[in-house]
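# Fold and contact review
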Amino acid sequence: MKVLMLCNAGMSTGMMKIKIEEAAKADGADIEIAAKSFQLLDDYKAEYDVFILGPQVRFMKDEIQESVGEKPVIVISTQDFGMMNGKSVWQQIQESVK
């Protein structure tokens, strides 16, 4: 599964990316996560299966959902982001693809 994490500049999500990867690998999942600026979505949306938004760009959810069609778009809660709760975000990703 390929996941694209979107934020303002594609930099503040680096630690969260690692935490999600750790949680996914603990479950034996094959996952690839990239972090990019939401401004680059059109360049990458065809390559990814799931899109996760950092809390700072949650206001973009509807626009991004429209852009990616039926693919899941998840907003990371401020609490999960602040606590770097990759396990919770990984669970949300799994639920979104069922």
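A brief look at the structure comes next. Just so it is clear, the structure is predicted and the values come from calculations on it, not from any experiment.

Next up on the list: the environment of Val 97. Structurally, Val 97 can be placed in the segment after α5 (86-96). For Val 97, a relative accessible area of 41% gives the class partly exposed. Remark: the alpha-carbon pair of Val 97 and Lys 71, spanning 26 residues in sequence, is separated by 8.6 Å. Excluding residues within four positions of it along the chain, Val 97 makes contact with Met 1, Val 50 and Pro 72.

Bringing the pattern of salt bridges into the picture now. Counted by the stated rule, this structure contains four salt bridges. For the salt bridge of Asp 42 with Lys 45, the shortest nitrogen-to-oxygen distance reads 3.4 Å. For Asp 42, a relative accessible area of 58% corresponds to the exposed category. Between Lys 98 and Glu 95 there is a salt bridge, with its nearest N and O atoms 3.1 Å apart.

Calculation rules
- Residues numbered from 1 in each chain as written.
- Predicted model: local features only at pLDDT ≥ 70, side-chain atom pairs only at ≥ 80, totals over all residues.
- Heavy atoms only, no water.
- Helix = DSSP H or I, 4+ residues; strand = E, 2+ residues; numbered from the N terminus.
- Buried < 20%, exposed > 50% of the residue type's maximum accessible area, 1.4 Å probe, protein only.
- Contact = heavy atoms within 4.5 Å.
- Salt bridge = Lys/Arg side-chain N within 4 Å of Asp/Glu carboxyl O.

From the geometry alone we can't say anything about function, so treat these as descriptive.
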